[in-house]
Amino acid sequence: MPKARKKSIPITRRIDPPSHTTSTTSSSTQKKFKQSSQETARLIRRFHVLNKEFAKCKATNDVKKQQSILAEMEAMGGIDWYQKASQLGQSKRRGGDSSKWLMQTLKKHKLLEQRTSMVKLLEVGAVAADNYERQKSWIQVKPIDLNPQDPRIQKQDFLEMPSPATKEDRFDIVSLSLVVNFVGDPKDRGRMLLHTRDFLNVDGFLFLVLPLPCINNSRYMSPDHFMNMMESMGYSCIESHFSNKLAYYLFQFIKDNVRCPPFKKQIMNDGATRNNFAIIIENN
Ligand SMILES: C[S@@+](CC[C@H](N)C(=O)[O-])C[C@H]1O[C@@H](n2cnc3c(N)ncnc32)[C@H](O)[C@@H]1O
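By convention here, each chain's residues receive numbers from 1 onward along its written sequence. Two thresholds apply to this predicted model, a pLDDT of at least 70 for residue-level local features and 80 or more for giving and counting side-chain atom pairs, whereas whole-chain, interface and lining totals are computed over all residues. To get the side-chain values, all heavy atoms of the structure are used, and hydrogens and water are removed first.

It is worth spelling out the overall build of the chain at this point. The secondary structure listing takes helices from DSSP runs of H or I that are at least 4 residues long and strands from runs of E that are at least 2 residues long, numbered from the N terminus. Of regular secondary structure, the chain possesses eight helices and seven strands. Split into buried and exposed, the 284 residues of the chain put 48% on the buried side. Looking at the chain alone, contacts between residues at least 24 apart form 71% of all its contacts between residues at least 6 apart. Residue burial is assigned from relative accessible area. The probe radius is 1.4 Å, only protein chains are included, and a residue is buried under 20% of its type maximum, exposed over 50%, and partly exposed in between. Working rule for contacts: check all heavy atoms of both residues, and any pair within 4.5 Å makes them a contact.

Moving on: unusual backbone geometry. Look at L112: it is not a glycine, yet its phi comes out positive at around 65°. In this fold, L112 is placed in the loop between α5 (99-108) and β1 (119-124). Despite not being glycine, D203 has its phi angle at roughly 90°, a positive value. Relative to the elements of secondary structure, D203 occurs in strand β5 (residues 200-211).

Counting buried residues in β1 gives five out of six residues, a clear majority hidden from the surface. As paired strands, β1 and strand β2 (residues 139-145) are joined by six bridges and run parallel to one another. For L122, the partnering residue across the bridge sits in β2 and is K142. Here β1 pairs with strand β4 (residues 171-177) via four bridges, running parallel. Each bridged residue has a counterpart across the sheet, and for L122 the counterpart in β4 is V174. Only strands joined by at least two bridges in the DSSP assignment are considered to pair.

The topology assignment puts G77 in the loop between α3 (63-76) and α4 (78-89). Taking relative accessible area as the criterion, G77 reaches 0% and is therefore assigned buried. Taking the C-alpha atoms as reference, G77 lies 9.5 Å from L43; in sequence the two are 34 residues apart.

Looking now at the nonpolar core. One finds L208 and F226 to be the most contacted residues of the largest nonpolar core, which totals 39 residues. Broken down by secondary-structure element, the contributors of at least two residues to this core are β1, β4, α6 (186-196), β5, α7 (212-216), α8 (223-232) and β7 (246-253). F226 has contacts with L193, L208, L210, I215, M221, Y249, F251 and I279, leaving out every residue within four places of it along the chain. Within this scheme, the nonpolar core is defined by two criteria: the residues are buried Ala, Val, Leu, Ile, Met, Phe, Trp, Tyr or Cys, and they are joined through side-chain atoms within 4.5 Å. With 16 residues, the next largest nonpolar core counts L106, L112, I173 and Y248 among its residues.

So yeah, pure geometry; function would need other evidence.
Right, here's the structure in full:
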């Protein structure tokens, strides 16, 4: 019997976003994952650069460049390796995951202490399913990720996640720890931040972590600009903390139904040592 011909898939469909590459089956992931901290840090940095380049090529429809970026990502081990590197970055040996700061800050400000029901937390970009294991008597977590590393994590792109229809279906806390910087397109970063509001009732909390240089060493960002952006969305900052590497924020959603004004990409600091991290808010 003649072999059935494989239906060819248009190239543009074959190369969808890199963040959705489920490379768990790739031959590169069969290789042993290197665990040195230099190696994981290098991998994470390179992956972020490629993600940003990919978003640019996608916007200009540069299919050839998209393919070469995907090939490099694949050679590195794809998102699977990236996530293993991130998991390692969360290990106790290297300072633990960022939920520690969230727990301390909630406690310090005596937030959510009066609650009689379970606190509902949406953890976007969860590379481990047990970050809130110690709080399981009072926190009910819904962990989601583009490429789950654990069956308890739901496969879901937050940008495509439908907004809860009722007050009861919303969350008390949305966590975006080291996720916004993962997103390659500055407009999608803005959309992601705006979308968090759909998952919270007024008084709910947004826990946000970014690499510190995104906030304090970018041509297009500053701590004040970021704060202005978040406040324009209806958030109020309860506390922020800058460690050597990370910027932590706990925001409270205080104003529902506000139309956030557009924020364009504009230079606010210049210099050769600056990076290009930006968040763009379009008409919403
Ligand atoms: C650096 S890891 C962050 C891991 C962990 N939250 C932490 O704080 O260490 C970024 C994760 O965000 C996920 N991610 C990025 N964009 C996402 C989206 N739109 N929806 C869901 N997850 C996303 C990636 O798949 C990746 O696992």
